[in-house]
Structure formats: C-alpha cells, structure tokens
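The chain contents come next:
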Amino acid sequence: MFNQLKIAVLIPCHNEEVSIAKVVSDFKLALPDAAIHVFDNNSSDNTASEARSAGAIVRHETQQGKGHVVRRMFRDIDADFYLMVDGDDTYDASLAPDMVKLAMSGPYDLVNCIRRETGDAAYRGGHRFGNRLLTGVVRQIFGNRILDMLSGYKVFSRRFVKSFPALSTGFDIETELTVHTLELSMPAAHLEGEYRGRAEGSESKLRTYRDGWRILMLIIRLVRHERPMVFFGVLAGLLVMAALLLIWPVIVTYLDTGLVPRFPTAFLAMGIMLLASLSVFTGTILDTVTRGRKELRMLTYLQYPAPAYAPIDSTNSAAIRSADNNALTGGNDDLLGQMWRFGLVGIVGYMVNAGLVESLVLNMGPLRAQMLAFPAAVTVTWWLNRRFTFGASRHAIHHEWLRYVLANMLGWSANNGAYLWMIFSVPLAYQHPALAVAVGSLAGMVLNFSASRLLVFKKTREV
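These remarks concern the structure in this document. Starting afresh in each chain, residues are numbered from 1 along the sequence in its written order. At least 70 in pLDDT is required for a residue's local features to be given in this predicted model, at least 80 for side-chain atom pairs to be given and counted, and no such filter applies to totals for whole chains, interfaces and linings, which use all residues. Calculated side-chain values reflect all of the structure's heavy atoms, with hydrogen atoms and water omitted.

## A word on helix α13 (residues 397-407)
Note the cut-off: Only protein chains enter the accessibility calculation, which uses a 1.4 Å probe; a residue is then buried when its area is under 20% of its type maximum, exposed when over 50%, and partly exposed in between. Here a helix means four or more residues in a row that DSSP labels H or I, a strand means two or more in a row labelled E, and each is numbered from the N terminus. As used here, the arc belongs to the directions running from the helix axis to the C-beta atoms.
Residues of α13 that are buried: E400, Y404 and A407. One side of α13 holds all its buried residues, which, seen down the axis, span an arc of 80°. The outward face of α13, more than 90 degrees from its buried face, is lined by the exposed residues H398 and L406.

## Structural notes on the packing of aromatic side chains
Operational definition: Aromatic pairs are defined between Phe, Tyr and Trp rings, using the six-membered ring for Trp, whenever the two ring centres lie within 6.5 Å; interplanar angles under 30 degrees are classed as stacked, those over 60 as edge-to-face, and all others as tilted. The rule is short: NZ of Lys or CZ of Arg within 6 Å of the ring centre and within 35 degrees of the ring normal puts a charge over the ring.
Tallied over the full model, the rule gives 15 aromatic pairs. For the ring pair F74 and F156, a centre distance of 5.5 Å and an interplane angle of 75° mean the geometry is edge-to-face. A residue pair is termed long-range when its members are at least 10 positions apart, and F74 in helix α3 (residues 66-76) and F156 in strand β6 (residues 154-157) qualify at 82 residues. Accessibility classification places F74 together with F156 in one group, the buried group. Between Y91 and Y153, the aromatic rings sit 5.3 Å apart at their centres with planes inclined by 55°, giving tilted as the arrangement. Pair noted here: Y91 is in the loop between β4 (81-84) and α4 (96-105) and Y153 is in the loop between α5 (127-142) and β6, with a separation of 62 residues, a long-range link. Here the aromatic cluster, defined as three or more aromatic residues joined through ring pairs, consists of F74, Y82, F156, F160 and F164. Taking the ring centre of Y195 as reference, the NZ or CZ of R115 above it sits at 5.1 Å.

## Quick look at unusual backbone geometry
Here the residue pair G106 and P107 is connected by a cis peptide bond, since its omega of -10° sits within 30 degrees of zero. With respect to the helices, strands and loops of the structure, P107 is situated in the loop between α4 and β5 (110-117). Despite not being glycine, N15 shows a phi value in the positive range, around 55°. Its location among the elements puts N15 in the loop between β1 (7-13) and α1 (20-30). You can call N15 partly exposed: its relative accessible area is 23%. Not every positive phi belongs to a glycine, and D148 is a case in point at roughly 50°. Among the structural elements, D148 can be located in the loop between α5 and β6.

Written out as structure tokens, the structure is:
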C-alpha cells in the first residue's frame, strides 16, 4: 500500500544509546519502505553509531533543543508523510502502519497518538497532571480538536511540514505543532497506542517543572500572537477593574460632598483607564496583523497538494469518528474546564461578598460586616458550582451543602486570614475592605477548588 509513497521516519535523539538501535529496528520492520532518519542532538554517548549500525540515516543538529532538531528535520527531509517519534522506545512501532493509513484515509494533515499507559513507570510524577493541564489550556483557547498535545508520536503530511514556521527551541515545539494545526483548521485524527516506561539505563530529558513552565510561557506568547484581541482585551478588563476600584471612593465622596479631595487617586485611576484604552487599540491593530499572517500561512499551506487518499474500512472509520467526537464534546468534566468555571463562580462570589461588605461596613464595621457577608457568598458559590461547575453529587442536598462548608474550611481560613491581615496592616484596605476581600478570595480559591472537586462534588465514577 505504501510502495508509491515516500515515508520518512524522523527520530530526534539526545543520549539514547540504550534504546535507539531497537527503535530503528522496530520501525524498519513496521515500515520496511520508509527511510529512517535519526537526528543526533549533541549526544555524548554512542547514539549516532548505534543508530547507524541499526540501518538509520544519521544526521546532526548542533543547536541544543528538540525545537531546533524538529526545525532542521522539517527543512531537510522531503517526503509525502513524516512520522515523528521519540528515540526512547516508549512508543509502539507496530502502530505506525495504522497511523499512516489513517492519515491517508482523510486525508489528514496530522495524526496524533494518544498515549495509553502500560506500566507504572510510563509517566514520572507531575507529568500526567501537567500534560492534562497544558493540553486543556490549549483546547480552551485555540480549539478542542487535539487530545494529548504533548505526545511525541505523530504523522504529518508534506503540506503541514512545509507550512510550519517552527520557532520554538525545546520541548515546547509540541505545543507549537498543535496550535499550527488548530489555527489553520487542518484535518486531524487520533489513534490510541501503548506508552511504556523507558528502558533501564535510559534517562528522560524532560524536566517536569522547567519544561512545564516553558510550555506555559509559550502558550501565553501564542495567545498574544494568535489571539491578540483576547490577550489585550483581558488586560484591558483587569486595568478597568483596577481603575474602578480606585475611583469608586472618590465618586462616593463627590456624590456625598460635591468635593474631590483625592486628586492623586483620581489622576492614577484616569491613567490606568487610559492604559486600558491603549490596550484595546493595541489588540485591535494586532488582530489585523495576525489575520494577515494567518492568511500568508494558509497560502503557503495551499501551495502543496493534498496527501494521498486511500479510504479504510468502516470499522476503523467509526472508531476515528468516535475519538474525534470525544475530543469535541468530552471536555465538560475535564480539569481545566472545571477550573475556568470555578474561577468565574469565584468572581461572582467575590462580587456578592464585596457588595455586602461595602453596604454594611458603615453601620457594622469591617469585621461584623464580613461575618455576615461571607456565609452568604459561600451559599451562592455552592449553588453555582453545583449547577454549572461540577454537577450535583450523590449526597442529599443539605448534606452536600454541609460538606461544602466543612470541606472548604481550609480555604475559609486562608481567605479570612488574608482579609484580617489586609485590614490591620494596610490602611487603604481598612477604609475600603473590598480590597481585602479580593486578596482573601484569591488566597482561598485554590484550596477551595481542590476540596470541592475531591471531597464534595466527586462522582462515583469520573470520566
């Protein structure tokens, strides 16, 4: 089936002496007509010689980092389909023919392997959570058509590879590949495959916190570049909120006395509002520039013909459709979606809390006002989280409410501890306790989310 196609297997490597020979041999067996290219990235062991002995074409990239290697591979190799896989022998080579067949059946410009763990050593601590979190962030911002964004096992078409402006230098290249797919609305599909632990003596180059932070920073940069109106719109919204928070006491004083005694505060609020306006204008201008860049990438993409088309049997097609439907509709209960909704509910709770405190503080003082306002805000957030964030639990409604209150006592302590510290340490917060409420709400939100998700609204079976 693949005789008339040029298929290139691309294997980026750095110090994979232990596993690279087996990886090359397995893929030569799975795709006997494919050219196996190993790109050595400054290995200090015998990776290059082991790969060459196993029958691979070995090339070298001297700039350190997976992003540099991928950029070099995409520039130098010409093929109809490109299968990229890590050289650590954690992926199943026997899945390669099915991935290429699936790419031809669409045809699809990207086929991504969803990793299914087959051993306790497959993921190190923090990798699973980080992958779900970062994949969820990208799906929420750029589109929900890609699962397991950080998988290192993918098939690309020629037009994908030759239109991809690789800019990343490290492991964040996986994120850039995903966003490129979503931004150009490329056809993409998924297959599930085994993901096993590394061979003994082989060490992962991925650093959970360092590379996770780099990927998160890349996502923020991509939002700024690809969604400038969203990025600068959110920034403008935050600036407007800060300006309103500062100017509100000045407005109240003016309405009561007809005087404006706090000119520095008024000028500061006006300056912040001007920055918000500039942010909106910046987002509008950059949005036009981004559209031009996107059109240029699309024109480059369209210069290359579509991949070879070869339909596959209906059973596999149904499985593909099922995977894609899950990608599109299965996000209601995912961690990131719950975090977004919980955050929005928290904002509503803050508004209830701050509004009640501000309305009661003149007659009751800040401490007694908070004692009345906080329970009301807790009840409102419980009801909203029950309806929109997590869904109702299996407990009776009054038991659920009680568990919600008890489970969030730690968040309550952090919230009120921060509130009291602000009240007694910051004079401005004592005069305007809404500031103290904001700090307390932020301090308690993380603890409240974890307790609510794990102890109150946890279902018998989670998807």
